[in-house]
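Residue strings, one per chain:
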Amino acid sequence: PQIPGLQRNLGLAAYFAGQPAEAIRLLSKTISQAPGDSHARAVLGLAYFSRGDFGKSVLAIRPIAEQALQDPELGLAWATALAQIGDNNASSRALERLETSGKLVEAIGHFERTVQLQPSNLSYHLGLEAAYRKAGRTAEADQQHAICESLKAGGTGAPSSPRQN
């Protein structure tokens, strides 16, 4: 017999332990049984986001979009995923809401820490690029753009060193 909430808690634990595929498997089952579980839905959206599955991330987060914008990390993931599926207007509105609520700086901090831990995670670099641009931090946005292009081309994402003559 299944213990109520165990699947959900294991899914949450899997995500926070850096196992998004397992989190997706468990939290998808949780959501199918309890579609109103907003915390499980939020973490499921983040798990999809971290794997670069932006369409599924948007589908998971959309029912809780207003709540998502109250959380800096989830809000920036939401805005980034929207942009990646081509909904630039909704993405811009989400970034604007993060900025006007004072959560954009905190979101940038979350994403900066994540790329330090996961330097080859394209999703978080894309989010940082968008957030830096929104915050007027053009040089940092340009650097993130270069990292994103490197990752898309199969590189490590590490910024290239200046050449020595």
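Here the residue index of a chain counts from 1 through its sequence in written order. The model is predicted, so local features are restricted to residues of pLDDT at least 70 and side-chain atom pairs to those at 80 or more, both for listing and for counting; the totals for chains, interfaces and linings are taken over all residues. To get the side-chain values, take all heavy atoms of the structure and skip hydrogens and water.

Colleague: Help me understand the layout of surface pockets in this model?
Modeller: Unfilled space is identified by rolling a water-sized probe across the atoms. Here a cavity denotes a set of grid points, spaced 1 Å apart and computed over the protein atoms alone, in which a 1.4 Å probe fits but from which it cannot get out, and a pocket denotes an open set meeting protein on both sides within 12 Å along at least five of seven lines; residues with an atom within 4 Å of a point are reported as lining. Grid points are joined across faces, edges and corners, and a volume is the space filled by probe spheres set on the points. The computed volume of the largest pocket comes to approximately 480 Å³. Along the walls of the largest pocket sit 23 residues, with Tyr15, Phe16, Leu46, Glu73 and Tyr124 positioned nearest its centre. The secondary structure listing takes helices from DSSP runs of H or I that are at least 4 residues long and strands from runs of E that are at least 2 residues long, numbered from the N terminus. Those elements giving two or more residues to the lining of the largest pocket turn out to be helix H1 (6-16), helix H3 (38-50), helix H5 (65-68), helix H6 (72-84) and helix H8 (104-117). The leading source of residues in the lining of the largest pocket is H3, at five residues.

Colleague: I would appreciate a short explanation of the confidence of the model for the protein in the present structure.
Modeller: Interpreting fine coordinate detail is not advised for predicted regions of low pLDDT. Every residue is assigned a pLDDT by the predictor, reflecting its confidence on a scale from 0 to 100. Looking at the protein as a whole, its pLDDT mean stands at 92, while 92% of the residues score no less than 70. Of all secondary-structure elements in the protein, the lowest mean pLDDT belongs to H5, at 94, while helix H4 (residues 54-61) reaches the highest, 97. By definition, residues are in contact when any of their heavy atoms lie within 4.5 Å. The model gives residues 160-165 a pLDDT under 50, and that stretch makes zero contacts with residues more than four places away or in other chains.

Colleague: I would appreciate a short explanation of H8 in the present structure.
Modeller: The α-helix advances 3.6 residues per turn, and as a result positions three or four apart in sequence lie on the same side. The span one expects for a helix is its residue count, reduced by one, times 1.5 Å. With 14 residues, H8 ought to run about 20 Å at 1.5 Å a step, and its terminal C-alpha atoms sit 20 Å apart, in line with that. Each residue's exposure class comes from its accessible area (1.4 Å probe, protein chains only) as a fraction of the maximum for that residue type: buried when under 20%, exposed when over 50%, partly exposed otherwise. Restricting attention to buried positions, one finds in H8 the residues Leu104, Ala107, Ile108, Gly109, Phe111, Thr114 and Val115. Looking at the buried positions of H8, the neighbouring elements they touch are H3, H6, helix H7 (88-100) and helix H9 (122-134).

Colleague: What is the right way to look at the packing of aromatic side chains in this model?
Modeller: Here a ring pair, both rings aromatic, is described through the centre-centre distance and the interplanar angle of the planes. Geometry of aromatic contacts follows a simple scheme: Phe, Tyr and Trp rings, the Trp one being its six-membered ring, pair when their centres are within 6.5 Å, and the pair is stacked under 30 degrees between planes, edge-to-face over 60, tilted otherwise. Under the defined criterion, the tally for this structure stands at five aromatic pairs. Here the aromatic rings of Tyr15 and Phe16 are separated by 5.1 Å at their centres, their planes lie at 80 degrees, and the arrangement is edge-to-face. For Phe16, a relative accessible area of 59% corresponds to the exposed category. Here the aromatic rings of Phe49 and Phe111 are separated by 6.0 Å at their centres, their planes lie at 50 degrees, and the arrangement is tilted.

Colleague: Where do I start with the packing of H6 against H8 in this structure?
Modeller: Each pair of packed helices can be summarised by the angle the axes make with each other and by the distance between the axes. Packing of H6 against H8 brings their axes to within 8 Å, and their N-to-C directions diverge by 85 degrees. In terms of orientation, H6 lies roughly perpendicular with respect to H8. Between H6, through Pro72, Glu73, Leu76 and Ala77, and H8, the contact on the second element is made entirely by Glu106, Ala107, Ile108, His110 and Phe111. Three classes are used, and their members are as follows: Ala, Val, Leu, Ile, Met, Phe, Trp, Tyr, Cys and Pro are nonpolar, Asp, Glu, Lys and Arg are charged, and the others, Gly among them, are polar. Within the contact of H6 with H8, the residues separate by chemical class into six nonpolar, one polar and two charged. The angle between two axes is taken between their N-to-C directions and runs from 0 to 180 degrees, where each axis is a line fitted to C-alpha atoms and a helix contributes only its stretch in contact. When describing relative orientation, an angle under 35 degrees is termed roughly parallel and one over 145 degrees roughly antiparallel, while 65 to 115 degrees is termed roughly perpendicular and anything else oblique.

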